[in-house]
Amino acid sequence: MKKLSAIILLALTSTITHVIAPGLTGTSGQDELRSTYMLLMPTIAFSGAGAAASAFLISQGRLLPAGMATAISNIPTILLLVLLPNASVMAIAGSLVLAFAIQAVYQVLMAR
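Quick summary incoming for the structure in this document. Note that the structure is predicted; figures quoted are calculated from it, not measured. Position numbers for residues start from 1 in each chain and track the written sequence from start to end. Note on the predicted model: pLDDT of at least 70 is required for a residue's local features to be given, and 80 or more for side-chain atom pairs to be given and counted; whole-chain, interface and lining totals, by contrast, use all residues. The basis for every side-chain value is the complete set of non-hydrogen atoms in the structure, without hydrogens or water.

Structural notes on the overall build of the protein chain
Item 1. Runs of H or I in DSSP of at least four residues are treated as helices and runs of E of at least two as strands, each being numbered from the N terminus. On a plain count of helices and strands, the protein chain comes out with 5 helices and 0 strands.
Item 2. When the helices and strands of the protein chain are listed from N to C terminus, the series reads α-α-α-α-α.
Item 3. For the protein chain, the proportion of its 112 residues judged to be buried stands at 22%.
Item 4. Whether two residues are in contact is decided by their heavy atoms: any pair within 4.5 Å suffices. The contacts in the protein chain between residues at least 6 apart in sequence include a share of 65% that link residues at least 24 apart.
Item 5. Where accessible areas are quoted, they stem from the Shrake-Rupley method and a 1.4 Å probe; at the residue level, only the protein chains shown are allowed to cover. Total accessible area computed for the protein chain in this model is approximately 7700 Å², and 75% of it derives from carbon and sulfur atoms. A simple rule labels every residue: compare its accessible area, found with a 1.4 Å probe on the protein chains alone, to the largest value its type can have, and call it buried under 20%, exposed over 50%, or partly exposed in between.

Next comes the structure, spelled out in structure tokens:
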């Protein structure tokens, strides 16, 4: 079901973008869409890996490592927002990718 939802969302992305942001048309819209993909794809990949590792840890009854991963993963974004309150959207997105990567790596290491 998730694969079907992803395929439908991918097929309708352009239409959804035009409904949500009607000003984004032509080359400008394609550039914005490409930027959105660049920001979201690493986040989705690391989030998926973290979710799989978390599910494995929980199935083994190891709740503390699964919960700690979520807490640890917030550190990069919190530090960025505290140290640079005027951080750009790209910097915040980068910190979120880093956060999900830390979470995924921590959970995979704990699942061993």
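Now that the structure is up, let's keep going.
Here's the deal with the side chain of Ser73
Item 1. Along the chain, Ser73 turns up in helix H3 (residues 63-73).
Item 2. The exposure class assigned to Ser73 is buried, which follows from its relative accessible area of 5%.
Item 3. Any pair of N or O atoms that falls within 3.5 Å is considered a polar contact. Within protein, one atom must be able to donate a hydrogen and the other to accept it, and sequence-neighbouring residues count only if both atoms are side-chain atoms. A distance of 2.9 Å separates a polar atom in the side chain of Ser73 from the backbone oxygen of Thr70.

So, the side chain of Ser54
Item 1. Topologically, Ser54 is positioned in helix H2 (residues 26-59).
Item 2. On the basis of relative accessibility, which here comes to 16%, the residue Ser54 falls in the buried class.
Item 3. Apart from residues lying up to four places away in sequence, Ser54 is in contact with Ala66 and Gln107.

Some details on a nonpolar patch on the surface
Item 1. Together, Leu4, Ile8, Leu9, Leu12, Ile16, Val19 and Ile20 line one region of the surface with nonpolar side chains, adding up to about 680 Å² of accessible area.
Item 2. With respect to the helices, strands and loops of the structure, Leu4 is situated in helix H1 (residues 2-20). A patch consists of residues exposed above 30% relative accessible area that lack any salt bridge, with like charges linked at up to 9 Å and nonpolar side chains (Val, Leu, Ile, Met, Phe, Trp, Tyr) linked at up to 5 Å. By definition here, a salt bridge exists when the distance from a side-chain nitrogen of Lys or Arg to a carboxyl oxygen of Asp or Glu is within 4 Å.

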